[in-house]
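# Structural description and commentary
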Amino acid sequence: MWTRTLMEHFAIYFRRVLSNSFYPVLQGAIGVGSAFEGWSPREQDVVYQVLIPMTPPRGHSFHLELGTAWQRRLRNFHIRVQQECTCTSEQQGEHMLCFLHHPEEELRRHQDPSLLHTLCTGSYLDVEKTARWFYQLVGEIWPALLESHSWHLVLLPPRRSCQFKVTNGRESYRIEILFGVRQGNSDVFVSSQPRQAHTSSTIWPESYAVAEMKFFMYIARQAPPDSLHLKCLQFFTRLQLGLGFSTYTIKTIVMHLLSILPASQWRRRHFVRRLMDISESLRTCVERRRLNHFIVGNQRLPEGIRLPPEVLMARSRNLFHDLVMDPVAHSQFKETNGRESYWIEILFGVRQGNSDVFVSSQPRQAHTSSTIWPESYAVAEMKFFMYIARRSCQFKETNGRESYWIEILFGVRQGNSDVFVSSQPRQAHTSSTIWPESYAVAEMKFFMYIARRSCQFKVTNGRECYRIEILFGVRQGNSDVFWRRRHFVSRLMDISESLRTCVERRRLNHFIAMNQYMDLHHWFKRILKNEQ
């Protein structure tokens, strides 16, 4: 992977520049997060996250401290920096003065300042100061790299990480560098990645990103070549975007299922079943208000994933803890998944002459200069689709509070049936003298039947009269018992499976045309006639 190579080249220069300094010693970068695990919720906006482990420089040591009871529950740490005595023959051979036993005046004249005076707030390592230091370091080293000759570097404002974008005109990569201190010899770190929006600059939350990445690597080694476990995760995270569930929630559920189900049960033919398992697990967790963290307290992790004893033996952390503490939040959490919302974006633009082309505020790239106004063809494209729609009458109706778009189609009924020839086109360029056959009225009546929970009508032969009610059902009498809110994902899976079957058989019958069950009036009339 190109980003790994780039970080390896950065690491070579990090070691050269920092070899005799009193800044943290930077170890080799570790790829973490969805991009390195093999999936991404948004393919068009992939962020490559790397974690760089830090060790203390000469004459210093790091001590991890948990703060208040609240911080202990969240596993938020402080990194206390302590100066160590270097009055030994080994250290003296490096021409280093001891920070503890040499006069301050001599230290100021002959030695760079201590880490306590550069990247710390008080006695604690500061995340934001560390990010700004690394931001400057990347900018200074970049010109020396071979990649700088053919790639352009754009550094993004740092806060708790160092983010930058590299592009060569054809490809672009967005990279986020996180910093961390390893806990012992384990795969658990305290890192700069925040869990909450406003995290103190001296807080370093516990991170399990490396352990999770190793778990996905283990699964990849066990999985068959046609395994779709990553596709399941990717599909479901995209499905849930904007519905109230975080990407990490879905990822946690999938990791639990991967640890339970054999790797052979994640093949292509099991795709729909696994999606249903994810949906059912999510529903169960919300109802029980409990989703256990996959790493904390998990004593059944694959060999090779190392946890510190306090993490291994800890009580499992409930990721839905907030739902337990606030029942109202629990009801709202579920209800928001059934409501609709709309995002409205207002763009600004300047028309080019008298044309339908503008220069507008809509960016084409993630990081566009504030003085750049890209050319926009959105109005011209909108007018093209309006041209396509000219086979009907469209207008907008509003009362000041609500507005509706109305489209009027024209048609000629075929006999006394519910099938018309109409102005609605089936193709983009339909001749103005062509009137395609339309089944829209028949389809609308079918959904009206379903909506009324039954189909009722009367048939007569002149002497006798029958009122008939037809109920629709699957296994049970009520027509919509399997189409309620809680069955939403299951019905999506049924639709997906039906689509897959139709594609395999290369056949999808039209629902109205040649459907012998639709003309129920004539069907019952024929029965009555035969009985006579």
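All figures in this text were calculated on a predicted structure; none of them were measured in a lab.

### A closer look at the overall build of the chain
Along its length, the chain carries 17 helices and 22 strands. Taking all 532 residues of the chain together, 37% fall into the buried category. Sequence-distant contacts in the chain: of pairs separated by 6 or more residues, those separated by 24 or more amount to 54%. Working note: accessible area of the chain is about 33300 Å², and carbon and sulfur atoms make up 53% of it.

### As for the sheet that holds strand β14 (residues 358–360)
Strand order in the open sheet formed by three strands is β13-β14-β15, with antiparallel pairing between adjacent strands. Since the sheet does not close on itself, it has two edges, and those belong to β13 (349–351) and β15 (375–376), each with one partner. The pairing of β13 with β14 spans three bridges and is antiparallel. In the strand pairing of β14, Gly 349 is matched with Ser 360.

### What to know about the nonpolar core
If you look at the biggest cluster of nonpolar residues, it comprises 42 residues, and the most contacted ones within it are Phe 10, Leu 26, Leu 125, Phe 134, Phe 164 and Ile 177. Elements with a minimum of two residues in this core: α1 (2–18), α2 (33–37), β3 (47–55), β5 (76–83), α6 (127–141), β9 (162–167) and β10 (172–182). Non-local contacts of Leu 26, meaning those with residues more than four positions away in its chain, are made with Phe 14, Leu 18, Ile 52, Pro 53, Met 54, Trp 133, Phe 134 and Leu 137.

### Considerations on the packing of aromatic side chains
What the rule picks out here adds up to 16 aromatic pairs. Ring pairing ties together the aromatic residues Phe 10, Phe 14, Tyr 23, Trp 133, Phe 134, Trp 142, Phe 164 and Phe 179, which thus form one cluster. Over the aromatic face of Tyr 13 sits the side chain of Arg 16, whose NZ or CZ is 4.9 Å from the ring centroid. For Arg 274, the ring lying beneath its charged end belongs to Trp 266, and the centroid distance is 5.9 Å.

### A word on the environment of Phe 410
Along the polypeptide, Phe 410 turns up in the loop between β17 (403–408) and β18 (411–413). In this structure Phe 410 comes out as partly exposed when scored by relative accessible area, which is 43%. Taking C-alpha positions, Phe 410 is 5.4 Å from Ser 423, a pair spaced 13 residues apart along the chain.

### Quick look at unusual backbone geometry
Most peptide bonds take the trans configuration, and most residues that are not glycine carry a negative phi. Its identity as a non-glycine residue notwithstanding, Arg 289 has a phi of 60 degrees, on the positive side. Here Arg 289 shows up in the loop between α10 (271–288) and α11 (309–312).

### Structural notes on α6
Helix length check: α6 (15 residues) gives 21 Å between terminal C-alpha atoms against 21 Å at 1.5 Å per residue, within 8%. Within α6, burial applies to Val 127, Thr 130, Ala 131, Trp 133, Phe 134, Leu 137, Val 138 and Ile 141. Here the buried residues of α6 occupy an arc of 165 degrees about the axis, which is enough to place them on one side. Residue Asp 126 occupies the N-cap position of α6, its side-chain oxygen lying 2.9 Å from the main-chain nitrogen of Glu 128.

### Digging into the confidence of the model for the chain
For residues with low pLDDT, the predicted coordinates do not support detailed interpretation. For the chain, per-residue confidence averages 80 on the pLDDT scale, and 76% of positions sit at 70 or higher. The lowest-confidence element of the chain is helix α13 (residues 327–335), averaging 47 in pLDDT; the highest-confidence one is strand β7 (residues 124–125), averaging 96. Every residue in residues 331–344 is under pLDDT 50, and counting partners more than four places away or in other chains gives 11 contacts. Across residues 474–480, where pLDDT falls below 50, the model places 14 contacts with residues more than four positions away in sequence or in other chains.

### With respect to a nonpolar patch on the surface
A grouping of Tyr 404, Ile 406, Ile 408, Phe 410 and Trp 435 is seen on the molecular surface, where their side chains present a nonpolar patch of about 480 Å² in accessible area. By the secondary structure assignment, Ile 406 is in strand β17. Judged by relative accessible area, which is 31%, Ile 406 ranks as partly exposed.

### Examining the pairing of strand β12 (residues 204–207)
The pairing of β5 with β12 spans two bridges and is classified as antiparallel. Paired with Asn 76 across the strands is Pro 205, a residue of β12. Note: strand β11 (residues 189–191) against β12, two bridges, orientation antiparallel. Bridging from a neighbouring strand, Val 190 pairs with Glu 206 of β12.

### As for the pairing of strand β8 (residues 152–155)
Sheet analysis places β8 next to β9, joined by four bridges and oriented antiparallel. Residue Leu 155 lies in a different strand from β9, and its bridge partner there is Phe 164. Counting the residues in the hairpin turn of β8 and β9 gives six residues.

### Some words on the packing of α1 against α6
At a minimum axis separation of 11 Å, α1 and α6 run at an interaxial angle of 105 degrees. Judged by the angle between their axes, α1 and α6 are roughly perpendicular. Between α1, through Phe 10, Tyr 13, Phe 14, Val 17 and Leu 18, and α6, the contact on the second element is made entirely by Trp 133, Phe 134, Leu 137, Val 138 and Ile 141. Looking at the contact of α1 with α6 residue by residue, the class counts come to 10 nonpolar, no polar and no charged.

### Side note on the pattern of salt bridges
A complete count under the given rule lists 18 salt bridges for this structure. Notably, a salt bridge pairs Glu 37 with Lys 251, separated by 2.8 Å at the nearest N-O pair. Here the residue Glu 37 occupies a position in helix α2, and Lys 251 occupies one in helix α9 (residues 247–260), the gap between them amounting to 214 residues. Classification of Lys 251 by relative accessible area gives buried; the value is 7%. We note a salt bridge from Asp 356 to Arg 351, for which the minimum N-O separation is 3.7 Å. Taking relative accessible area as the criterion, Asp 356 reaches 25% and is therefore assigned partly exposed. Linked through salt bridges whose partners overlap, the residues forming this network are Glu 104, Glu 105, Arg 108 and Arg 109.

About the thresholds
Residues numbered from 1 in each chain as written. Predicted model: local features only at pLDDT ≥ 70, side-chain atom pairs only at ≥ 80, totals over all residues. Heavy atoms only, no water. Helix = DSSP H or I, 4+ residues; strand = E, 2+ residues; numbered from the N terminus. Buried < 20%, exposed > 50% of the residue type's maximum accessible area, 1.4 Å probe, protein only. Contact = heavy atoms within 4.5 Å. Areas by Shrake-Rupley, 256 points an atom, 1.4 Å probe, with all protein chains shown as cover. Pairing = 2+ DSSP bridges. Core = buried A, V, L, I, M, F, W, Y, C linked by side-chain atoms within 4.5 Å. Phe/Tyr/Trp six-rings, centres within 6.5 Å; stacked < 30°, edge-to-face > 60°. Lys NZ or Arg CZ within 6 Å of the ring centre and 35° of its normal. Expected span 1.5 Å × (residues − 1). Arc of directions from axis to C-beta. Polar contact = N/O pair within 3.5 Å; in protein donor to acceptor, adjacent residues only side chain to side chain. pLDDT = per-residue confidence, 0-100. Patch = residues over 30% accessible without salt bridge, like charges linked within 9 Å, V, L, I, M, F, W, Y side chains within 5 Å. Salt bridge = Lys/Arg side-chain N within 4 Å of Asp/Glu carboxyl O. Axes fitted to C-alpha atoms, helices over the stretch in contact; angles between N-to-C directions. Parallel < 35°, antiparallel > 145°, perpendicular 65-115°, else oblique. Nonpolar A, V, L, I, M, F, W, Y, C, P; charged D, E, K, R; others polar.

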